[in-house]
Every structure is written in structure tokens, then in C-alpha cells.
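# Tertiary structure, described
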Amino acid sequence: GGIGGAAVAVALQSRGFDVLVLEADASLDSRKQGYGLTIQRQDAMQAMGINLAQDDAPSTSHYTFSADGAILGFFGEAFGDKSKVRRESDASGRFIHIPRQKLRARVVEQLRPGTIRWGSKLRSFECRRGAGVAVTLADGTTLDAALLVGSDGIFSTVRRQLAMPGDRLHYVGLVVVLGILDGSVPLTQRRIFETVDGTTRLYAMPFTSSSTMWQLSFPCSEEAARTLTKDAAALKAELLSRCRGWHDPIPALLADTPLDGMSGYPVYDREVLEPAVLRPGAGAGAGKPGLAGRPAPQDRVTLIGDAAHPMTPFKAQGANQALSDAVLLAEALVQGVREHGALAGLDAALPLFERRMLSRSARVVVGSREKAKELHSSLALQPGRKVQRDTGVDMPRVVRALRAGGIGSGSATDPRGLDAVVAEVVDRTSASASHAAELDAIFGKRPAAPPADQAPPKRAKRAQCSALGAPGAPPLDADGAHFEWRETMRALLETAGEAGLRRKRLRKLVLRLYLRHLSRQPEAAREEVCWWRAHPAELQALFRKHLRAAKGVGLVRTQGKMVRVG
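Since the model is a prediction, treat every value here as computed from it, not as a measurement. (Residues numbered from 1 in each chain as written. Predicted model: local features only at pLDDT ≥ 70, side-chain atom pairs only at ≥ 80, totals over all residues. Heavy atoms only, no water.)

## Here's the deal with the sheet that holds strand E14 (residues 211-219)
As summarised here, the arrangement of the seven strands in space is E4-E3-E12-E13-E14-E11-E15, forming an open sheet in which the pairing is mixed. Edge positions in the sheet fall to strand E4 (71-75) and strand E15 (262-269), since each has one partner strand and no second. This sheet shows a mean twist of 20 degrees between the axes of neighbouring strands, independent of strand direction. As judged from the nine bridges shared by strand E11 (residues 170-182) and E14, these two strands associate in the antiparallel manner. Within the sheet, the bridge partner assigned to Gly 179 lies in E14 and is Trp 214. (Pairing = 2+ DSSP bridges. Helix = DSSP H or I, 4+ residues; strand = E, 2+ residues; numbered from the N terminus. Axes fitted to C-alpha atoms, helices over the stretch in contact; angles between N-to-C directions.)

This is the structure:
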């Protein structure tokens, strides 16, 4: 049942198979089916002919904040090359955000009438190797099938009856609480954000175009988790206590969520399942023709989704993996039937399908468990830590500039929009870094060679510099052919933004630009470069003179070792 079962049925029916879905729910709307999902890749949906664009509650940016609202990292379409205008109203979100129940409905709509048998709960099954499966339902009804696919979730009845050795749930030490609040808040308008304090983590995203979903998780013993998640009032009190003093809108977001709009559960996963454990005796050659030219008979029972590879929710991969499993199973069965016939094709397909599925999902199971540890530890507080998608910027540098400029969660109320405010800092910081790299390339340890028509022979240049470097007064034109000292300082400081530049760094940048300016002038001015390089103390004094002048007219201001725009 669930999304996985319906998806398998859609994928198989579209390829000509007859399918019956046994669904324990009395109807599609008989109970809540979870909260919001993020469909990260749409390959599986496209393969099933399902378009989710109409149901998307899109986001174009994703932020990580500390508890005080400081930005620790960000990524998303709003900061990519394809969004130069960065209009936050553009429908350019790459991932699809959709309520779980809405996704389930879209999948069910693709099925032929009568495919789902509602109110049908599995009691047991009996494998007839090479001849199908006999299924018994809770009401005593019996059914015969060529293949049984267990898609019944982390507490799978099918998996339990397979009685695999050492198979047990693993408690990851965390409680997850989910909530839905009608109405949106500025920080979640076309935006996802997560806030961390090294122990507790809150994740919020658009649920629909007019509501917000949040997920809060924190460490807890298994016994306490089971007790706490049965008492909604106590659970809410725990959340409010943990997040007291966190940045807006988190305290209000939690407080305003009604008790019947939230639920919690202890987080479990399982160890990675090996193909040989799921299908004993199926070695690397399983699924290939035997001595008689036919694949070896198999127990025609398999698992998909959380029944096969349950994982923590912290990489948002559970539903994505189940949908991929459904398409992969259909493709494997089609290939097996085409090569070996109707029944033998099932025996050939199952071992191959399981190896591929478990190989793909194993890294996601492990990655999701590691992500759970990271997000609830001090690692989560590292500025610019690795994010889901590369932004192509120097994240630690940008984060420092954002903090210095006081830009954080509160900037969501800025009329320009948080993304636009952050993008401006990204542009300034990137320009500053690019400019510094250019200067380093020109005036570093190995400066670029000047044009051939300007470069005197090495011996002549060395002699020339030696003569000019002799003790004496500086060149008469100390401004170097009208070099714009004040404008250059101001431009560099504006590029650095509110954070400004250390005095030493500003001096280095300005003097390098000054020397480059001289090198591009007529020969008499170019000769000054050699003199100034031979007299660094005088060169620094020249900078100090112009810095005082710029400060005197209010173009710049200094505070300790820092220089900022006046």
C-alpha cells in the first residue's frame, strides 16, 4: 500500500501487467498520510506519466541559520547563473514540494478503476517457489498471485514474515515532530530554512501556497521518545522550551500550531540490507539461465521503499527512493519477461532488481544516518559547511560579510527580499575576491610580464632600477600621472561592503593599483615604479597621506585596524 504500492501498480500497468493493490486504509482520505515531501528528481514521476507542477509549493532558496538568526549557509536557484534578475516571484524552483497526500492522490489517479482493494490488511503469505504466492488477508480472504511486492513501510508485515536473520529496527536517538500552520510567514515565502543550535534542529518549508510545514528534531532516549510522542501537549511544551529565545518567527510558528496539527515519532532505520540476506542462495549468477536454460525458481516475494531500506528523514529521500524502486522493478520485470517468458521472467528479474535497488539505496541509508548525526551536533554550526548544492561562491567569506553587515533571518522583512539582499553581498564579495586575485596575479611573487613593447632589456632595466633606487627624494609627481587615490579607496571599500577592509589589506590593494597605473603610463612615469619599489617606507607614507586626506573629507572612516566607507 501507500505511495510505493500505488507507484508500483502505475509503473506495471503502463507496461501491460495486471496488478492488485492491497491497501489497509479504508479509503484514500481515511487517515493522514504524513506531511510535506520534497521530490528531488522527477525521472520516476515522468516515467509514470505524472506531472506535479500544478501542485508544487516552490522554493528558490534554502538557508541555514543559527539560533540567533545569523546566516550559516545558503543555496538555491535564487543565487544561480540562471536567475540573474533574482525575482523571488519567479517559478524557477528545481525541487517539487508537495503534501504527501496530494502526491498519493496524483499517483492513484493514474490507476485503472478497481486496482486498489481498500480495507485489505495482509495477515500472511506462503511462497510456492517458481509458482507464485498465496496471500491471506486479515478477514480470511485468500488470493493467488504471481508476485507479492511488500511496500508496507518501515514496520512491514511482509518483511517481518520473511524472518531474515538479525533483522531489527535501529533507533537513531532522535525524536521528530511535524507541524502544519495555516498561513505563510515571510521567512518561508518561496523559501526553505533550517535553524540549528548544535543539538536541536528546525526545518521549515512551504506546505502549500498558503500554509507552512515545519519539522523539529532533537536527541532523546527511546523510552522517553515513545512516552513524549503520545502526549501532544507535553510534546509542544518541550518544543517551546527548547526554542525559547530562537530567532523569529520560530517561537510564534511553534506556539501557533494547533495540537491537532502536529505529531511526533521516534526515528528508526535499519542496517543496510544485503541482497543475499533478502534472497538466500541467490549469488551473483542468480537470474541468469541455469543448466536447463531457465532461471532458477525463486520465492516471488520482494520489498521496496521503507520496507526494504528505511532511512532517517534528514536527506528527504524516503519517498524519492520508493518511486525510483517502483520504476526500476517494472523495468526489470519487463526485461525478464521479454527474455525468458511470463513466469520464468519473474524468477530472472527479482534477484537482478534487488541487487540494483539495494546497491543504490545503501549509500542513501548510510548518508541519511550520518546526516542525522551532523545536524544535531556542533558540525551543524560551522559557517559555510557543505550544502546540498554548490553555490559557486566562497561561502565562509560571504557568511562573514553577512554577519558583519547584520544580515540574517530578520532581513526577510526587507522590501527587496532576503534573497536580493544576500545576492548583493555575494556580488560584492565575489567582485572583491576576483579583484584581489587579479592583483595577486599581476603583482605577486611572479608578476605577469609587461608587453614586449614596454619591457626594456633585463640588463638595462636592472641598471635603470638600480639608478633610480639610489637614495634621494621621491619622484616629483608623487600622484603618479593623476592616480585617483580617494576614488580607488572608496571603490575598494564599497566592494567589501559593510564589513570594510583591514587597513593593511586596503594599503596593499591601493598601492598595487597605483604601481600598475604607473606601469601603464609613458616611460617617465613607468620609471617611478622602480623607485617606489626600492623605497617601501616612502610608498607606505604616501598611502597614509592620501588616507588622511580621504578621511578628512569624509569619504572613509577608520575604527581601530578597520577602514570603511564614510
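## What about the confidence of the model for the chain?
For the chain, per-residue confidence averages 83 on the pLDDT scale, and residues scoring 70 or more make up 83% of the total. Residue range residues 442-480 is modelled with pLDDT below 50. Its contacts to residues more than four positions away, or to other chains, number 48 contacts. (pLDDT = per-residue confidence, 0-100. Contact = heavy atoms within 4.5 Å.)

## Considerations on the pairing of E4
Most of E4 is tucked away, with five of its five residues classed as buried. Here four bridges tie strand E3 (residues 61-66) to E4, and the two strands are oriented antiparallel to one another. Across the sheet, the residue bridging to Tyr 63 is Phe 74, located in E4. (Buried < 20%, exposed > 50% of the residue type's maximum accessible area, 1.4 Å probe, protein only.)

## Thoughts on the side chain of Arg 106
One can find Arg 106 in helix H3 (residues 100-109). A polar contact is formed between the side chain of Arg 106 and the side chain of Glu 109, at a distance of 2.8 Å. Arg 106 has contacts with Ile 50, Leu 52, Gln 54 and Asp 55, leaving out every residue within four places of it along the chain. (Polar contact = N/O pair within 3.5 Å; in protein donor to acceptor, adjacent residues only side chain to side chain.)

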